[in-house]
Amino acid sequence: MALAMVNVTASVLDWVSSAFDAPTRAVVFGVPIDGHLVVEALLVVVILFQLTRKSYKPPKKPLTEKEIDELCDDWVPEPLTPQITEDMMYEPPTLESAAGPHAIVNGKEVVNFASANYLGLVGNEKITDSCVGALEKYGVGSCGPRGFYGTIDVHLDCEQKIAKFLGTPDSILYSYGISTIFSVIPAFCKKGDIIVADEGVHWAVQNGLYLSRSTVVYFKHNDMKSLENKLEEVTRRSKHPEKVRRYIVVEAIYQNSGQIAPLDEIVRLKEKYRFRIILDESHSFGVLGSSGRGLADHCGVPVEKIDIITAGMGNALATDGGFCTGSVRVVDHQRLSSSGYVFSASLPPYLASAAIAAVDYLEENPSVLSKLRTNIATFFYELSDVPGLVLASHILSPIVFLKLKKSTGTGKTDMDLLDSIAKQVLEEDSVLIATTKRSSLDKCKLPIGLRFFVSASHSESDLLKAAASLKRVAALVIS
Amino acid sequence: MVRSPYFTTLTTLLSYRILFLFGHLRDLFEKLLDWSKLNNLQGYAPICFGYEDFYTRRLHLRIQDCFERPIASAPDAWFDVVERYSNDNNKTLCRTEKTTKCLNLGSYNYLGFAAADEYCSTPRVIRSLKQYSVSTCSARVDGGTTKLHVELEDLIARFVGKPAAILFGMGYATNSAIIPALIGKGGLIISDSLNHNSIVNGARGSGATIRVFQHNNASHLEEVLREQIAYGQPHMYRPWNKIIVIIEGIYSMEGEFCKLPEIIAVCKKYKAYTYLDEAHSIGAVGRTGRGVCEQLGVDTADVDIMMGTLTKSFGSCGGYIAASKEIIQYLKQTCPAHLYATSMSPPAVQQAISSMKVILGEDGTNRGAKKLTQIRENSNFFRSELQKMGFEVLGDKDSPIMPIMLYNIAKIPAFSRECLSQNLAIVTIAFPYTPLLLARARICISAAHTREDLIKALEVISKVGDLVGIKYFPVEHLTLDKVKTSTK
């Protein structure tokens, strides 16, 4: 047996060595094929075979039910809201009367600079009478969205009145001030569109820009050079200008800083680069312009050049809700595709009739605008030398905005300082003012400060009292 | 979920095809004949490209007169519908001075507080109007909080059964502004597939990942939760920060309640937070009007956040959130609608306070209890009668919303116009509020409807239903005359 094995092995070895040493059998293309070339060819085949095999990966197993159970048991969610700290327990002052130029807070009469009651229409007799009539006829709520029997004839009258007042073909009413702009923007701007917006726009505009899923480019606050650069950049990058909708979004009077947008310059740029304008006139409607028709009137720009104008009516018109106006195409498009209009209950009819009465009042008494302007100018002059604070708003803006000359270090300490000023001014001198509040969701980076909403119904003594009080308290607190 | 019969689906699809064909033909002719008009945009992109608004232009415009009908009186049980006419095939509709008195089956007026009420609007609301004026022109944190707002927030918290509440001026904005404040990137929102547009917008605006579970299906919700917790965030495989499940009390297009006990049990097991939107159910269901928790026997402490609106059952406007004191205090600091938006109009606040007091019985009468029994009886009577007549009616028992299936798009204007000519105002709903093939007419019952009103409505609906052909189910033998004699 062993001998046979040895014989077999020897014969195999002989065969292999003879294969190696075999003399040349064939000549192919001048290359003699030796025996060892066969072995080398075999090796190449083996190498190629190995290269084509996939590398080893352990097979992917989905999680078993037991493993999922374990993971679910182990998972611990964060609490729904973070821990409440001491400074979060702030409660705002409670009014016990109407928010006119003088209001009652905690039993004391205060001078009220925290209400955007620019034309002094809070408490106006005619408006109250028209509301009483509307309440007796229609009740309070409208009990339905506009598409399903929530359209009341006062809504249609109000829309026509506003359109006629502004000189535009048509307008559309919304039931809440801030939801106007964040419903209008997604109705017109979709994914793939380009929007160039001011970096100081308020939260509702930012939310609308986010919901629209368009590409948003911000330019420096109220800086026309920066706007032109951004427009140039965007136009250069976009390949098919006729296929992409492009918008510029600005506010007439910025809530966060009191600046006024230079509309004539913006219209010139818009026509040069073929953009459409969305203008939010919440704080300028009923304030700017010789007849209160807003920024277009003030800058001498024909209102047809502005494509979409939106405004909240909770400021100069002293009611609630908002409107949007523009060409017939713009307004009709919103009736079916603006979510805040279609999916929400309509404006209560008494608020619409209050808006009609307010616009009537403005048309009949344009002198209230000059009274407002005088008040703002007086106040501006009085506040030009407050220790530690500097005026940052435009001289025509009814929102008089003061920011700290020097920041104390962090946003939080600034906020605390301003809150303590406001608190002292209220408690010691009975003047109610507002500080800028920033939500954690707000992305605006502009400095915070104190805001005074000047009204046409403030008397000169009110303005002087407020200015004197602020100067005294600021000198004490900012030392 | 509704499943339509085979034959009906085929005919509906066929009718859509025909309408689309005609629409495309019209577009083609418009392009050929008016090509000069279309090219004068001067380098601006058009507001809607190509087929983006095809449905609006070619289909919706044909039946535009069925929607946005103006009224000239309070949206009570009977109201005046303004007549409109059109000279250019429904493209523009012009108002006339004439009105028709119609029975109102479309407004969200569940407890009948819509019109001037002797307790609510005259005198209390008018008194608060004279005291606080129409609006405060200020945000809640600046100078817009009045005593009325504080009173209403306490009352809502007491009514709903939670420790604290916060008030907003608009129901839609409540959802859109609150959900981003509660959850952000790294969180997960699981929402019912038929949730309202305001919830969808709020969820999108928050930046969290959104997953959808099958409508009212607690076992599918459990599957989704298990999968999401086990696998974590996509790409990063980190665990989720928190998970919020959003559901509604009554779904306004189906009329059915959510399966609250099962869903709450699932959420508790997997430590997810629950957000319940009771826009339609608060004040309208439940023995004392406390909403769907009372109706289905769920403890309000098990739901983390309860949202609701004051528009439907209370005849006012606005929305609220009720939750624990910590959550409410946190929301008062961060929620943009509280910090930036004008506070709710004081007369509307007073209306909500008065109507809530009536429901609670704190006005000294039992009108609230009577209204609640009335709406329950009305809903159950109406639904059972419609079902006996052979209509396909959706919705649960005790729910005041009843959709009647129409399916075919041409039946929408037929049903709507025919009912209006018989002085019955009905709401018909088409795409995009419902799926394309499931058009329906929706009836909202009110406590202000009397039995005679309902019987008249049933007669008209039966006649029009025969004409239009929507009695998809076999008719029971009990006829309407027997009902009239039995209720006398």
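The structure displayed is predicted, hence computed values, not measured ones. (Residues numbered from 1 in each chain as written. Chains lettered and ligands numbered in written order. Predicted model: local features only at pLDDT ≥ 70, side-chain atom pairs only at ≥ 80, totals over all residues. Heavy atoms only, no water.)

## Let's talk about the overall build of chain A
To keep it simple, the criterion reads: Strands here mean DSSP runs of E at least two residues long; helices mean DSSP runs of H or I at least four residues long; both are numbered from the N terminus. The size measure is the radius of gyration over C-alpha atoms, and the globule rule it meets is 2.2 Å times the number of residues to the 0.38 power. Burial classification: accessible surface area is computed with a 1.4 Å probe over protein chains only, and a residue below 20% of its type maximum counts as buried, one above 50% as exposed, and the rest as partly exposed. In what follows, a contact means two residues having at least one pair of non-hydrogen atoms within 4.5 Å. For the accessible areas, the method is Shrake-Rupley and the probe is 1.4 Å, while residue cover comes only from the protein chains on display. When charges are counted, Lys and Arg are positive and Asp and Glu negative, with His and the chain ends excluded. All charge positions are set by atom: Lys at NZ, Arg at CZ, Asp at CG, Glu at CD.
Scanning chain A for helices and strands turns up 16 helices and 16 strands. The C-alpha atoms of chain A give 37 Å as radius of gyration, which overshoots the globular expectation for 479 residues (23 Å, by more than 25%). The principal-axis extent of the C-alpha atoms belonging to chain A is close to 130 × 55 × 50 Å. Of all 479 residues assigned to chain A, the portion counted as buried reaches 55%. Across chain A, contacts joining residues at least 24 apart in sequence account for 68% of those joining residues at least 6 apart. Carbon and sulfur atoms make up 59% of the accessible area of chain A, which totals about 21300 Å². Here chain A holds 49 positive side-chain charges and 56 negative ones, and the gap between their average locations is 7 Å.

## Structural notes on the overall build of chain B
Along chain B, the regular secondary structure elements total 17 helices and 13 strands. The globule rule puts the C-alpha radius of gyration for 488 residues at 23 Å, and the 24 Å found for chain B is close to it. Summing over all exposed atoms, chain B offers an accessible surface of approximately 18800 Å²; the carbon and sulfur share of this is 55%. Within chain B, the 47 negative side-chain charges are centred at a point lying 1 Å from the centre of the 55 positive side-chain charges.

## Let's talk about the packing of aromatic side chains
Formally: Two rings belonging to Phe, Tyr or Trp (six-membered ring only in the last case) form a pair when the distance between their centres is within 6.5 Å. Interplanar angles under 30 degrees mark stacking, angles over 60 mark edge-to-face geometry, and anything in between is tilted.
Summed over all chains, the structure comprises 17 aromatic pairs over all chains. For the pair Phe182 of chain A and Trp203 of chain A, a centre-to-centre distance of 6.1 Å together with 80° between the ring planes defines the contact as edge-to-face. Placement of the pair is Phe182 of chain A in helix α6 (residues 177-188) and Trp203 of chain A in helix α7 (residues 203-212), with a sequence separation of 21 residues. The exposure class assigned to Phe182 of chain A is buried, which follows from its relative accessible area of 3%. The class of Trp203 of chain A is buried, set by a relative accessible area of 5%. Look at Phe20 of chain B and Phe54 of chain B: their rings are 5.7 Å apart centre to centre, the planes differ by 65°, and that puts the pair in the edge-to-face class.

## Concerning the interface of chain A and chain B
Applicable threshold: Here the quantity called buried area is the accessible surface, traced with a 1.4 Å probe, that two parts lose on coming together, added over both. Whenever Lys or Arg places a side-chain nitrogen within 4 Å of a carboxyl oxygen from Asp or Glu, that contact is recorded as a salt bridge. For this scheme, ten residues count as nonpolar: Ala, Val, Leu, Ile, Met, Phe, Trp, Tyr, Cys and Pro. Four count as charged, namely Asp, Glu, Lys and Arg, and the remainder, Gly too, count as polar.
Chain A puts 112 residues into the contact, and the matching count from chain B is 111 residues. Where chain A abuts chain B, roughly 9700 Å² becomes buried across the two surfaces, and 63% of that area is made up of carbon and sulfur atoms. A per-residue breakdown of the area chain A buries against chain B is headed by Trp75, Leu80 and Tyr149 of chain A, which together make up 11% of the total. There are six salt bridges connecting chain A and chain B. Note that Arg451 of chain A is salt-bridged to Asp142 of chain B, the shortest N-O span being 3.3 Å. Per element, the largest residue contribution to the side of chain A that touches chain B is eight residues, and it comes from helix α4 (residues 125-138) of chain A. Grouping the constituent residues of the side of chain A that touches chain B by class yields 58 nonpolar, 27 polar and 27 charged.

## Concerning the nonpolar core
Residue and element names in this part refer to chain B. The criterion, for reference: Grouping buried Ala, Val, Leu, Ile, Met, Phe, Trp, Tyr and Cys residues that are joined through side-chain atoms within 4.5 Å yields what is termed a nonpolar core. Note: domain ranges come from an automatic or database domain assignment.
The biggest cluster of nonpolar side chains holds 297 residues, and the ones touching the most others in it are Phe382 and Ile461. The residues that make up this core include at least three from each of domain 1 (6-104 + 369-486) and domain 2 (120-360). Residue contacts for Ile461: discarding those within four places in its chain leaves Leu105, Phe382, Leu386, Phe391, Ile404, Phe415, Leu424, Ile426 and Ile443.

## Notes on the pattern of salt bridges
Scanning all chains against the criterion turns up 39 salt bridges over all chains. Between Arg226 of chain B and Glu65 of chain A there is a salt bridge, with its nearest N and O atoms 2.7 Å apart. Of this pair, Arg226 of chain B sits in helix α8 (residues 218-231) while Glu65 of chain A sits in helix α3 (residues 65-74), on two different chains. Residue Glu65 of chain A is classed as exposed on the basis of its relative accessible area, which comes to 53%. Residues participating in the shared-partner salt-bridge network are Arg329 of chain A together with Asp27, Glu30, Asp53, Arg57 and Arg58 of chain B.

## Examining helix α5 (residues 153-166) of chain A
Let me state the cut-off plainly: A helix is expected to reach a length of 1.5 Å times the quantity of its residues less one.
An ideal rise of 1.5 Å per residue puts 20 Å on 14 residues; α5 of chain A measures up with 20 Å between its terminal C-alpha atoms. Burial of α5 of chain A is extensive: 10 of the 14 residues sit out of reach of the surface. Buried within α5 of chain A we find Asp153, Val154, His155, Leu156, Cys158, Glu159, Ile162, Ala163, Phe165 and Leu166 of chain A. Those residues of α5 of chain A that are buried lie in contact with α4, β5 (170-174), β11 (322-326), α11 (328-337) and α13 (349-364) of chain A together with β2 (94-104) of chain B. Positive backbone phi, at 85°, marks Gly167 of chain A, one or two positions downstream of α5 of chain A.

## Quick look at the confidence of the model for chain B
Quick reminder of the rule: The pLDDT value expresses, per residue, how confident the predictor is, ranging between 0 and 100.
Counting all residues, the mean pLDDT for chain B is 88, and 95% of those residues have values of 70 or more. What the predictor reports for the complex is a pTM of 0.88 with an ipTM of 0.91.

## Things to note about the side chain of Asn104 of chain B
All names here are of chain B. Applicable threshold: Polar contact is the term for a pair of N or O atoms within 3.5 Å; when the atoms are in protein, one must be able to donate a hydrogen and the other to accept it, and sequence-neighboring residues count only if both atoms are side-chain atoms.
Turning to its location among the elements, Asn104 is positioned in strand β2. Here Asn104 falls in the buried class, since its relative accessible area comes to 4%. Within the structure, Asn104 has its side chain in polar contact with the backbone oxygen of Asp76 (distance 2.9 Å). If we ignore the near neighbours within four places in the chain, the residues touching Asn104 are Pro75, Asp76, Ala77, Phe79, Ala425 and His449.

## Examining the environment of Leu156 of chain A
You can see Leu156 of chain A is positioned in helix α5. Residues Leu156 of chain A and Ile172 of chain A, 16 residues apart in the sequence, show an inter-C-alpha distance of 8.6 Å. Discounting chain neighbours no more than four positions away, the residues touching Leu156 of chain A are Arg146 and Thr151 of chain A together with Pro70 and Arg95 of chain B.

## A word on the pairing of strand β16 (residues 449-453) of chain A
Residues and elements named next belong to chain A. This is how the line gets drawn: One requirement defines pairing of two strands: DSSP has to find at least two bridges between them.
Counting buried positions along β16 yields five of five residues, so the element is predominantly enclosed. Where strand β13 (residues 399-404) and β16 come together, five bridges link them in antiparallel fashion. Residue pairing in the sheet places Phe401 in a bridge with Arg451 of β16. As defined by bridge partners, strand β15 (residues 434-435) adjoins β16 across two bridges and the pair is classed as antiparallel. When the sheet's bridge partners are listed, Thr435 is paired in β16 with Leu450.

## Some points on the packing of helix α15 (residues 411-421) of chain B against helix α16 (residues 451-468) of chain B
Residues and elements named next belong to chain B. Condition: Helix axes are fitted to C-alpha atoms over the stretch in contact, other axes to C-alpha atoms as well, and angles between N-to-C directions run from 0 to 180 degrees. Each crossing is labelled by how the near helix is turned from the far one, with a counterclockwise turn of less than a right angle marking it left-handed and a clockwise turn marking it right-handed.
Put simply, α15 and α16 touch, their axes get as near as 10 Å, and they point 145° apart. At the point where α15 passes α16, the crossing takes the right-handed sense. Residues Lys411, Ala414, Phe415, Glu418 and Cys419 of α15 touch α16, and the partners they reach there are Ile461, Val464, Leu467 and Val468. Residues that form the contact of α15 with α16 fall into these classes: seven nonpolar, no polar and two charged.

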